[in-house]
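A closer look at the structure
As a plain string of letters, each chain reads:
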Amino acid sequence: MAAMPALTRRRYPERQDCWHVYFGDVHVGTIARRVGQPHDEDPWQWLCGFYPGSDPGEQTGGAAATFEHARADFEIEWRQFSAKRTPAD
């Protein structure tokens, strides 16, 4: 049985505060500093999901105080999201 690909992050070349998250070669999410947010709101955003391969509304996201928290929240959500996927997705 082949090993499952690990999640990897690649910095988005046009923004130093944005990373695309990949599962193998599939772009499955993004973690980035939010632009234009008031200073009293969480500055980091994460988005989890991909299309095609999921239904509308299945993609999720959230905000976090730090990049590390956004990454941890993304990884929790990815485990839940990916558990509902099949190899065909």
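Presented here is an overview of the structure given in this document.

Our focus in this paragraph is the state of the cysteines. In protein chemistry, a disulfide is the covalent bond that joins the sulfur atoms of two cysteines. In this structure the tally under the stated criterion is zero disulfides. Of all cysteine sulfurs, the one in Cys48 lies closest to Cys18, which takes part in no disulfide; the gap is 15 Å. Judged by its relative accessible area of 5%, Cys18 falls in the buried class. When its relative accessible area of 2% is taken as the criterion, Cys48 is described as buried.

Of the voids in this model, the largest pocket is the one considered here, and its volume is about 290 Å³. Considering the residues around the largest pocket, the lining is formed by 11 residues, among which Phe23, Phe50, Arg85, Thr86 and Pro87 are closest to the centre. Elements with a contribution of two residues or more to the lining of the largest pocket: strand S3 (26-33) and helix H1 (67-83). Along the lines of polarity and charge, the residues of the lining of the largest pocket split into seven nonpolar, two polar and two charged.

The next thing to look at is the nonpolar core. The biggest cluster of nonpolar side chains holds 14 residues, and the ones touching the most others in it are Ile31, Phe74 and Trp78. Listed by contribution, the elements that provide at least two residues to this core are strand S2 (18-23), S3, strand S4 (44-48) and H1. Here this core takes five residues from H1, the largest share from any one element. Excluding residues that lie within four positions of it along the chain, Ile31 makes contacts with Arg9, Asp17, Cys18, Trp19, Val21, Trp44, Gln45, Trp46, Phe67, Ala70, Arg71 and Phe74.

For the rest of this paragraph, the subject is the sheet that holds S4. Spatial strand order, S1-S2-S3-S4-S5: five strands in an open sheet with antiparallel pairing. Each edge of the sheet is formed by a strand with only one pairing partner; in this case those strands are strand S1 (7-11) and strand S5 (60-64). Mean inter-strand twist for the sheet, computed between neighbouring axes without regard to direction, equals 20°. Bridging between S2 and S3 involves six bridges; their strand directions are antiparallel. Counterpart to Trp19 in the pairing with S3 is Ile31. H1 contacts S1, S2, S3, S4 and S5 of the sheet and is inclined by roughly 15° relative to S4.

Thresholds applied
Residues numbered from 1 in each chain as written. Predicted model: local features only at pLDDT ≥ 70, side-chain atom pairs only at ≥ 80, totals over all residues. Heavy atoms only, no water. Disulfide = S-S within 2.5 Å. Buried < 20%, exposed > 50% of the residue type's maximum accessible area, 1.4 Å probe, protein only. 1 Å grid on protein atoms, 1.4 Å probe; cavity = no way out; pocket = protein on both sides within 12 Å on 5 of 7 lines; lining within 4 Å. Points joined across faces, edges and corners; volume = space filled by probe spheres on them. Helix = DSSP H or I, 4+ residues; strand = E, 2+ residues; numbered from the N terminus. Nonpolar A, V, L, I, M, F, W, Y, C, P; charged D, E, K, R; others polar. Core = buried A, V, L, I, M, F, W, Y, C linked by side-chain atoms within 4.5 Å. Contact = heavy atoms within 4.5 Å. Pairing = 2+ DSSP bridges. Axes fitted to C-alpha atoms, helices over the stretch in contact; angles between N-to-C directions.

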